[in-house]
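Residue-level structural notes
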Amino acid sequence: MGILPALRAGDLERLAYRNPGLETYLGVGLWAWPLPMDYDGDGDPDLLVACPDKPSNGVYFFENPGSGAGGDPRPVFRPAVRIGDAENNMRLSFVDGAARILVPGKEYTGFHTSGFQETIKIYSRENVHDRSVRANQWGYTDWDGDGSLDLIVGVGDWNAYGWDYAYDRSGHWRNGPLHGFVYWLRNRGSTAHPDYAGAEMLRANGTAVDVYGRPSPCVADFDGDGDLDLLCGEFLDGFTYFENTGSRTQPVLAAGRRLRDEQGENVQMDLQMIVPAAIDWDGDGDVDLVVGDEDGRVALLEHSGVVRQGTPVFRKPYYFRQEASELKCGALATPCVFDWDGDGLDDILCGNTAGRIEFFRNLGGEEELPRWAAPEPVTVGGSVFRIQAGENGSIQGPCEAKWGYTTLSAGDWNADGLPDLLVNSILGEVMCLLGKAPRGGLDLAEPAPLRVRWEGEARYPAWNWRAPAAGEFVTQWRTTPVAVDFTGDGRIDLVMLDHEGYLALFERPAEVDPFEVLPGKRIFCDEKGEPLRLNARTAGGSGRRKLAVVDWDGDGKLDLLVNGANAEWYRQVERRDGRVILRRLGPLARRNVAGHTSSPAVADWNRDGKPDLLLGAEDGFLYHVFHEETLTYPEETPADSALDPPEAVEGEARPGLLRMEFIYEDAPFPECHASTIVETGAGLVAAWFGGTGEGHEDVGIWVSRHDGETWGKPFEAANGVQFDGLRYPCWNPVLHQEPGGVLQLYYKCGPSPSRWWGMRIESYDGGRVWGEAVRLLEGIQGPVRNKAVRLEDGTLLCGSSREDAGWRVYFERTADLGRTWTRVGPLETGGFEAIQPTILRHPEGRLQALCRTKQSVVAQTWSRDGGKTWSALEKTMLPNPSSGIDGVTLAGGRHLLVYNHTVRGSGKPGEPRNREMLNVALSEDGLQWRPALILERERGEFSYPAVIQTADGKVHVTYTWNRQRVRHAVLDPAAFRVQSYREDGGWPFGTDGEEKPQAQ
């Protein structure tokens, strides 16, 4: 039988306050890009806020209920109304009093009436910087006072920063800082008919304007002297002001000064990733700032009317309020449910990126769902409790200084009758906050770190720069410490990830010590009896697992809920030799609310004796679904030890197949093809070409990133737009990750495969942002379709081919990441028309390349000198329907190939033809191959696979699914049931894995 769950009615919904008259902070999801304007035309300023995150993507309208101009500058806004889709870098400009909204290289048109659907192109390039950028913020202004609208562009440059492994053992950051530059694109024409000059970097006091990332440039007369000044935000929390000491028509910027308030203190936002917008919000004639914060809140920084020593003075941030609608706790909310005040009602305590813990008091109610009070902060000694990474606390560097990522659980940890909190964070240092009388109070005792009775030296993540002291408990960051009596001895134990990402039980010692646990035991296993490793990644990709331990199905055994698209259910099926055997079943709901993460908890809202599901999401909102409305799974659901949830697979279970999924369901292009996949320090990255159809001018290179739980929304990383305005289709991307360094994407551009040329773009942040495209040297194609391999001498060896004078195979070598190249070939054909080689490694430095051919077989060639010379092509035992293949040499030396085990043409009666069957084969020597698995077998096209093995030993395959989507499969090569081909060379078994009769 299949492994689809039986779907039930109902799905995740946001938890509402149900408390009329209540006020809370105004907020959208993760990241707020404010667009303040009088949207409804009633004379008072409203708020539009763009939120580009998942699952709350949208532009939201917060209506100002005031009575026109001159009203309360601090109104209580009405709840949000979504009016359109959002994207990153949406910026507001005012032109003759009218609101204009820009994104890189484009302007939105008609957004008042048609939502955010239509744009016009305003510049030929979307990135004016000479390197990849993360912030790319465009606006209109007449910078030089000549009457024509110019463009101002702020860019965030992370190229010197990098990410992981950049601290030395003393905690010094060895990489560079973030940079935030501002460019001016002078309009040599008119506003109606612009002619923009090339981008010129603005300078202040003789040097480039450079703030700490994400500059969000605001251009206005801030000091009231009649000329335009520049005010910038940054990636962290402050503002830099650049006074124009020149004139309106000849601006000259002075050195930047930090913005200060009326008390002379630096103006700082509560969080970071801030985005200011300039507007006279209160109508008093000077220019204020409306600023978005990372957690979705928006603040007013009111201009005081004072200019002190040439610098405008602003008041401290006032965070806007709204009529309470739905529970929200910052961003990346991590709830736990506990009757904190002892009134018999389940309350919520919730962590977030800010490093705080908020308390939502359950006020009860006669209906199934309770009413809620506004959140109150947990305090210690009367001061708000907050964990922050500090200058070098985060694995990912000093730019994360103000984040805390609190995760927590509640229980009577020291058995004194008062509730306590266990807390983990961005630091990975688990601590306990003991409750104080009276019960229900939110002022807790000073946090104390947990200690472990280590046998020998303390264990901690290998990538942490600081070694813990003896007995100190340091584990992986951003993962839940679950307080639960798992052993049933009456003492609350700790269940969480250990320093290597395994789920472990940390028991309490017999003598009650509120701050001590025993070393973790890896008693939680999959059905093979292997310890359950919930995250095998390192450094910034480590941890991040949010957990709940609960008897979900009411069978008397504690199960595990783990973050994923919503909550993944691991059912406890048995205890075996002291091990707890968990079977992974899948998600409990259909809706995907994960961006970075989700965070599961349970509560019995309707008091029916069954746990209901509560989820914290990236957007900071809390989502719920009643137990009876969650997905159910049959008892005989096949076992699965994958880290990601299984999805539907046609036919019966196939040994070795852990998961299949589509990288995306919907995309702004109808067709796609030729995917590529790579593992980075930040997770998997996939790319493909997509557009109207192969060879059409609108075909570009699209990218999606996997953050550990789900694939992100695809975005176009490259296209074929030329400097002269022409546009050519793009083809065959190939990703390559340098260890600990740059991520490269090679692709082809040109009117056809016989006339295309090689291109390259690079990313320094795991594929989030890509730099400018670079054309490869004349005659060099780069890797044509399959991944390059790094040789022992550091050379990058690429399989290449040409189609301009028949199909011919080449190899290209580069020792400097594609700056210079040497080419080998064409190879002796051996009578084969072949292209697109994939490279396998063999002992003693030998290399083998397998190629697609027009002769209905896979061809091979061998090298014994590191790819400098190659043998003539010869056939293998494998068929080929003139379709792409890809292989990988696995850890341990076996070789794996993904290919179509068919031939071109009609085929035999009843057997697949062309690209209708996609297969996996294994070989010990590269010569004798054996069938292992069928990925697809039905009418359609399943082709152009890409395959890699990741650090955890799993094999990942992406391929074209009917030219409509890209499919991703996760395989466990140790679980394959390998057989032999039929005597006639046919595939021996179908999708159910059963042996078929031999041909007679």
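Criteria and thresholds
Residues numbered from 1 in each chain as written. Predicted model: local features only at pLDDT ≥ 70, side-chain atom pairs only at ≥ 80, totals over all residues. Heavy atoms only, no water. Helix = DSSP H or I, 4+ residues; strand = E, 2+ residues; numbered from the N terminus. Rg over C-alpha atoms; globule rule 2.2 N^0.38 Å. Buried < 20%, exposed > 50% of the residue type's maximum accessible area, 1.4 Å probe, protein only. Contact = heavy atoms within 4.5 Å. Pairing = 2+ DSSP bridges. Axes fitted to C-alpha atoms, helices over the stretch in contact; angles between N-to-C directions. Core = buried A, V, L, I, M, F, W, Y, C linked by side-chain atoms within 4.5 Å. Phe/Tyr/Trp six-rings, centres within 6.5 Å; stacked < 30°, edge-to-face > 60°. Lys NZ or Arg CZ within 6 Å of the ring centre and 35° of its normal. Disulfide = S-S within 2.5 Å. pLDDT = per-residue confidence, 0-100.

Along its length, the protein carries 1 helix and 78 strands. Taken over C-alpha atoms, the radius of gyration comes to 30 Å for the protein, in line with the 30 Å a tight globule of 1000 residues would show. The principal-axis extent of the C-alpha atoms belonging to the protein is close to 90 × 80 × 55 Å. With 1000 residues in all, the protein has 61% of them scored as buried. Across the protein, the fraction of contacts at a sequence separation of at least 24, relative to all contacts at a separation of at least 6, is 53%.

Attention shifts here to the sheet that holds strand 57 (residues 683-691). Strand order across the open sheet formed by 4 strands is 56-57-58-59, with antiparallel pairing between neighbours. The strands lining the two open edges of the sheet, one partner per strand, are strand 56 (671-680) and strand 59 (715-718). With strand direction ignored, the average angle separating the axes of adjacent strands in the sheet is 35 degrees. Pairing geometry for strand 56 and strand 57, over 8 bridges, is antiparallel. Among the inter-strand pairings, H673 is bridged to a residue of strand 57, identified as F689.

Our next topic: the nonpolar core. Counting 45 residues, the largest nonpolar core has M37, L48, M90, I101 and F116 as the members making the most contacts within it. Broken down by secondary-structure element, the contributors of at least two residues to this core are strand 3 (33-37), strand 4 (46-51), strand 5 (58-62) and strand 9 (98-103). Residues L657, F662, V888 and L922 belong to the second largest nonpolar core, which totals 22 residues.

The way to describe two aromatic rings as a pair is by their centre distance and the angle between their planes. Scanning the model with the defined rule gives 35 aromatic pairs in all. Measuring from centroid to centroid gives 5.0 Å for Y39 and F61, while their planes differ by 50 degrees, and the two rings are tilted. In this pair, Y39 is assigned in the loop between strand 3 and strand 4 and F61 in strand 5, connecting sequence segments 22 residues apart. For Y39, a relative accessible area of 16% corresponds to the buried category. A relative accessible area of 12% means that F61 is categorised as buried. Taking the centre distance of 6.4 Å and the plane angle of 70 degrees together, the rings of W569 and Y633 count as edge-to-face. Pair noted here: W569 is in strand 50 (residues 567-576) and Y633 is in the loop between strand 54 (622-625) and strand 55 (657-662), with a separation of 64 residues, a long-range link. Pair check on accessibility: W569 and Y633 agree, each one buried. Within the aromatic cluster, the residues linked to one another by ring pairs are W158, Y161, Y167, W173, F235, W403, Y405, W465 and W477. If you follow R74 out to its NZ or CZ, it ends over the ring of Y318, 4.4 Å from the centre. Stacked on the ring of Y405, the Lys or Arg R478 has its end atom at 3.7 Å from the ring centre.

Our focus in this paragraph is the state of the cysteines. Each disulfide is one covalent bond, formed between the sulfur atoms of two cysteines. Within this structure, the stated rule accounts for 0 disulfides. As a non-bridged cysteine, C336 has C350 as the owner of its nearest cysteine sulfur, 8.2 Å distant. No disulfide involves C798; its sulfur sits 14 Å from the nearest other cysteine sulfur, which is in C851.

To continue, consider unusual backbone geometry. Here the residue pair K54 and P55 is connected by a cis peptide bond, since its omega of 10 degrees sits within 30 degrees of zero. Along the polypeptide, P55 turns up in the loop between strand 4 and strand 5. Between A437 and the following residue, P438, the backbone shows a cis peptide bond with an omega angle of 0 degrees. Considering the arrangement of structural elements, one finds P438 in the loop between strand 39 (431-433) and strand 40 (443-444). The residue D96 is not glycine, and still its phi comes out positive at about 50 degrees. Of note, D96 is situated in the loop between strand 8 (91-95) and strand 9. Residues other than glycine seldom take positive phi values, yet L332 does so here, at roughly 50 degrees. Within the secondary structure, L332 sits in the loop between strand 28 (321-323) and strand 29 (334-338).

The subject of this paragraph is the side chain of D295. Of note, D295 is situated in the loop between strand 23 (288-292) and strand 24 (298-301). On the basis of relative accessible area, D295 is assigned to the buried category, the value being 5%.

With that settled, consider the pairing of strand 54. In strand 54, alternate side chains face the same way, and those of L622 and H624 on one face and Y623 and V625 on the other are all buried. Sheet analysis places strand 1 (residues 13-14) next to strand 54, joined by 2 bridges and oriented antiparallel. Bridging across to strand 54, R14 finds its partner in Y623. With 4 bridges joining them, strand 53 (residues 612-617) and strand 54 adopt antiparallel strand pairing. Opposite L613, over in strand 54, you have V625 as the bridge partner. Linking two consecutive strands that pair antiparallel, namely strand 53 and strand 54, is a turn of 4 residues; a positive phi of about 85 degrees is found at G620 within it.

Ordered in space as 68-69-70-71, the 4 strands form an open sheet in which the pairing is antiparallel. Both edges of this open sheet fall to strand 68 (834-841) and strand 71 (874-879), since each of them pairs with a single strand only. The average undirected angle you get between the axes of adjacent strands in this sheet is 35 degrees. Both strand 70 (residues 857-863) and strand 71 contribute to a ladder of 3 bridges, which runs antiparallel.

Before going further, it helps to spend a moment on the confidence of the model for the protein. Residues with a pLDDT of 70 or more make up 94% of the protein, whose mean pLDDT is 91. Confidence drops under pLDDT 50 across residues 1-9; counting only partners more than four residues distant or on other chains, this segment forms 22 contacts. Low pLDDT, under 50, characterises residues 991-1000; the predicted model gives this stretch 23 contacts beyond four residues in sequence or across chains.

So, on to the pairing of strand 44 (residues 493-497). In terms of residue burial, strand 44 counts as a mostly covered element, since 5 of its 5 residues are buried. As judged from the 3 bridges shared by strand 43 (residues 482-484) and strand 44, these two strands associate in the antiparallel manner. Each residue of the ladder has a partner; that of V484, found in strand 44, is D493. Across 4 bridges, the pairing between strand 44 and strand 45 (residues 503-506) is antiparallel. Looking across to strand 45, one finds that M496 is bridged to A504. Linking strand 44 back to strand 45 in an antiparallel pair, the connection comprises 5 residues, with G501 at a positive phi of about 90 degrees.

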